[in-house]
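Survey of secondary and tertiary structure
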Amino acid sequence: MSETNATIDPRLLEILVCPLTKGPLTYDRAAGELISEKAGLAYPIRDGIPIMLPEEARVLTEGS
Amino acid sequence: MNNQSQAAAPQPPTGGAAPDTDFGFRRVTQAEKKPLVRAVFDSVAPRYDLMNDIMSLGVHRVWKRIFVTRLRPAPNRALLDLASGTGDIAQAWRRLDGGPVLATDINAAMLAVGRDRATGRGMVAGFTYVVADAEMLPLPSGCMDVVSMAFGLRNCTDKAAVLREAHRVLKPGGRFFCLEFSRLQIAVLEKFYERWSFNVLPLAGRLVAGDSESYRYLAESIRMFPDQETLAGMMQDAGLAQVRFENLSGGIAAIHSGWRL
């Protein structure tokens, strides 16, 4: 996805949490994803808009 | 309820689970409702405002204007606009000197229409956009001064969860506002309104958007939505205080509000 690196508001990244666990997220800039370690999910950012839906998130596999 | 309307509509696969929520007049399982609603909005997204104009004879613009003034926009107040869609509320809030607005919608297509429209009007600063499910917000507790939802709650599967989440993300002293179709309080208009909703609307939907089923859903969902008193009770159950409502156009729509104390 070439669009994933579109600018994203840093203040937005500060406030967003995982919708399932309400725990913190880490921003993987290269992948354009917001990672919830606790939920084991990576939420995609498409066209600069975070998609905070568990059903749209990539499931993280052990050790990745 | 109304079995005639069910006859023509394709039945969703039930997958063995018992239907436990409404999709218009149909009963479906909670798991089924979300994709069905999404399909409706994917279908109507490009012409959503036109649809609202048809459904309300243009009056939704007046209702939204009243709604936004009730939110009391001010530069030092942060707004979470749920089901922000094409962005009418978020943009009006900013135009009236409201503070930063976080616009969310479960439908990325609708949100993109809203963002492009705002950007096209030179409105960029102060807006952020997130695709989110109002039933499980990706926000910490107590971060918003105002939470608004205009014509969105009706389409949510678990309305109680939405109200609990709105309460949770509000700061103490923050206020939740809901604008939604409600129950007409003027008996003499009821028959006209009924005809309008179930005969004229689906026909108009077919002619304008080529999609009468989606419009039928929208008309049915309005009729299935809790009336003024019931919604007020649901808001109280979610923890909101001093819940009140204001009827618009004789109760065709209503503005509900409640505080997080």
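Some words on the nonpolar core
All names here are of chain B. Counting residues in each nonpolar core, the largest one holds 80 residues, and the members touching the most others are Phe67, Trp93, Val131, Val147, Val169 and Leu179. By residue number, the principal contributor to this core is strand E7 (residues 170-181), which donates six residues. The contact partners of tryptophan 93, leaving out residues within four places of it in the chain, are Val68, Leu71, Pro73, Leu79, Gly98 and Val101.

As for the interface of chain A and chain B
Facing the 14 residues of chain A at the interface are 14 residues of chain B. Those elements giving two or more residues to the side of chain A that touches chain B turn out to be helix H1 (10-15) and strand E4 (49-52) of chain A. At four residues, E4 of chain A tops the list of elements feeding residues into the side of chain A that touches chain B. When its residues are assigned to classes, the side of chain A that touches chain B shows twelve nonpolar, no polar and two charged. One ladder, built from two bridges, connects E4 of chain A with strand E5 (residues 127-132) of chain B; its direction is parallel.

As for unusual backbone geometry
All names here are of chain B. Not every positive phi belongs to a glycine, and aspartate 97 is a case in point at roughly 70 degrees. Judged by local crowding, aspartate 97 falls into the exposed class, with 10 C-beta atoms found within 10 Å. In the Ramachandran plot, glutamine 242 falls in the positive-phi region, its phi being about 50 degrees despite a non-glycine side chain. Mapped onto the elements, glutamine 242 comes out in strand E8 (residues 241-248). Residue glutamine 242 is classed as exposed on the basis of its C-beta count, with 10 C-beta atoms lying within 10 Å.

Structural notes on the confidence of the model for chain B
All names here are of chain B. Mean pLDDT over chain B stands at 88; residues scoring 70 or higher make up 93%. Counting contacts from residues 1-15, a segment whose pLDDT is below 50, to residues more than four positions away or on other chains yields 14 contacts. Predicted complex metrics record ipTM = 0.89 and pTM = 0.87.

Some remarks on the environment of alanine 39 of chain A
Residue and element names in this part refer to chain A. Looking at where alanine 39 falls in the secondary structure, it is placed in the loop between strand E2 (33-36) and strand E3 (41-46). For the pair alanine 39 and glutamate 55, spaced 16 residues apart in sequence, the C-alpha to C-alpha distance is 12 Å. With sequence-adjacent residues up to four places away left out, alanine 39 is seen in contact with Cys18, Leu20 and Thr21.

Observations concerning the confidence of the model for chain A
Mean pLDDT over chain A stands at 86; residues scoring 70 or higher make up 83%. Across residues 1-5 of chain A the pLDDT falls below 50, and counting only partners more than four positions away or on other chains, this stretch makes seven contacts in the model.

Examining the environment of valine 62 of chain B
Take valine 62 of chain B: it is sitting in helix H4 (residues 59-70). Placed 107 residues apart in sequence, valine 62 of chain B and valine 169 of chain B show a C-alpha to C-alpha distance of 28 Å.

Rules behind the numbers
- All residue numbers here refer to positions counted from 1 along the written sequence of the relevant chain.
- As they are written, the chains are lettered A onward and the ligands numbered 1 onward, keeping that order.
- Where local features are concerned, this predicted model is filtered to residues with pLDDT of at least 70; where side-chain atom pairs are given and counted, the filter is 80 or more; whole-chain, interface and lining totals use all residues.
- Here, a nonpolar core means buried Ala, Val, Leu, Ile, Met, Phe, Trp, Tyr and Cys residues linked by C-beta atoms lying within 7 Å of one another.
- Three exposure classes are used, based on other C-beta atoms lying within 10 Å of a residue's own C-beta, which is placed from the backbone: buried for 20 or more, exposed for 12 or fewer, and partly exposed in between.
- The helix count covers DSSP runs of H or I at least four residues long, the strand count covers runs of E at least two residues long, and both are numbered beginning at the N terminus.
- Whether two residues are in contact is decided by their C-beta atoms, placed from the backbone, lying within 7 Å.
- Under this grouping Gly is polar, as are all residues other than the nonpolar Ala, Val, Leu, Ile, Met, Phe, Trp, Tyr, Cys and Pro and the charged Asp, Glu, Lys and Arg.
- When DSSP finds at least two bridges between two strands, those strands are taken to pair.
- Along the chain, pLDDT gives the predictor's confidence residue by residue, from 0 to 100.

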